[in-house]
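Examining the three-dimensional arrangement
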Amino acid sequence: MLLGLFGTEPDGRSERNRYVSSYEPQAMEVLNRPETVAYPLDWSRKDQFSGNVWYNGSSGELFVLIEDVALSDNRSIQAWAVKNGSRNTLGLVQIEDRKGHLYVKGSQLGEADNIALTVEPTGGSVKPTSPDAAWVHLLKR
């Protein structure tokens, strides 16, 4: 069911590449590196959204791409790097046409074990104000 933007079929990849090239072109490199690992989001609120996270520990890059975003106007999706229960914000997912994206490169990722997405008030929060809407457990190589 999740072909479209995230499918493994060539058409799904083409649509994804068009979207990424349009809205987050610097993320194209991390998507195409052989050592980048793609993770499907494990979402606790299945009515909220679905998507994938691409993570490259060597280059310190992360790209989040979600679809079917259904948020009210006064809410944002915020990404968090999680390590031993401690959370550091990675930023807000940018929403375009019911799809969302976030590209992160650098030390913000630190030694994160997990990536969590929460639904926050517009503009985000210093600490999460809602339960995790989605998360990814990062496998370390």
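Numbers given for residues are sequential positions, taken from 1 along each chain in its written order. In keeping with the predicted nature of the model, local features appear solely for residues at pLDDT of at least 70, side-chain atom pairs appear and are counted solely at 80 or more, and the whole-chain, interface and lining totals rest on all residues. With hydrogens and water excluded, all non-hydrogen atoms of the structure serve as input to the side-chain values.

**A short note on the nonpolar core**
Residues belong to one nonpolar core when they are buried, are Ala, Val, Leu, Ile, Met, Phe, Trp, Tyr or Cys, and are joined through side-chain atoms within 4.5 Å. Relative accessibility decides the category of a residue: with a 1.4 Å probe and only protein chains considered, values under 20% of the type maximum give buried, values over 50% give exposed, and everything between is partly exposed. Counting 23 residues, the largest nonpolar core has Leu62, Ile66, Leu90, Ile115 and Leu117 as the members making the most contacts within it. Numbered from the N terminus, helices here are DSSP runs of H or I no shorter than four residues, and strands are runs of E no shorter than two. Counting residues per element, the ones that place at least two in this core are β1 (37-40), β3 (50-56), β4 (61-67), β5 (75-83), β8 (99-105), β9 (114-121) and β10 (132-137). Residues Tyr19, Ala27, Val30 and Phe63 belong to the second largest nonpolar core, which totals 10 residues.

**A closer look at the confidence of the model for the protein**
When pLDDT is averaged along the protein, the result is 84, and 85% of the positions lie at 70 or above. Across residues 1-9, confidence stays below pLDDT 50; counting only partners more than four residues off in sequence or on other chains, it has 26 contacts. Residue-level confidence of the predictor, termed pLDDT, takes values from 0 up to 100. Residue contacts are defined here by distance: any two heavy atoms, one from each residue, within 4.5 Å place the two residues in contact.

**Details of the sheet that holds β1**
Whether two strands pair comes down to DSSP finding at least two bridges between them. In spatial order, the strands read β1-β3-β4-β8-β7; together these five strands make up an open sheet with antiparallel pairing. Edge strands, defined here as strands with exactly one partner in the open sheet, are β1 and β7 (94-96). Between one strand axis and the next, the sheet turns by 20 degrees as a mean value, whatever way the strands run. Relative to β3, β1 runs antiparallel, the two sharing four bridges. When the sheet's bridge partners are listed, valine 37 is paired in β3 with tyrosine 55. Here an axis means a line fitted to C-alpha atoms, over the contact stretch when the element is a helix, while the angle between two N-to-C directions is reported on a 0 to 180 degree scale.

**Observations regarding the environment of alanine 133**
Its place among the elements puts alanine 133 in strand β10. By relative accessible area, which is 1% here, alanine 133 ends up buried. Alanine 133 sits 55 residues away from glutamine 78 along the chain, and the two C-alpha atoms are 9.9 Å apart.

**Side note on unusual backbone geometry**
Phi is positive for asparagine 84, close to 50 degrees, though the residue is something other than glycine. Relative to the elements of secondary structure, asparagine 84 occurs in the loop between β5 and β6 (86-92). What makes asparagine 84 exposed here is its relative accessible area of 71%.

**Here's the deal with the side chain of histidine 101**
Structurally, histidine 101 can be placed in strand β8. With relative accessibility at 3%, the residue histidine 101 sits in the buried group. Here a polar contact is taken to be a pair of N or O atoms separated by no more than 3.5 Å, where protein atoms must pair a possible hydrogen donor with a possible acceptor and residues adjacent in sequence count only if both atoms sit in side chains. Polar side-chain contacts of histidine 101 include one of 3.5 Å to the side chain of glutamate 24. If sequence neighbours within four positions are ignored, histidine 101 has contacts with Tyr19, Tyr23, Glu24, Phe63, Val64, Leu65, Leu92, Val93, Gln94 and Glu96.

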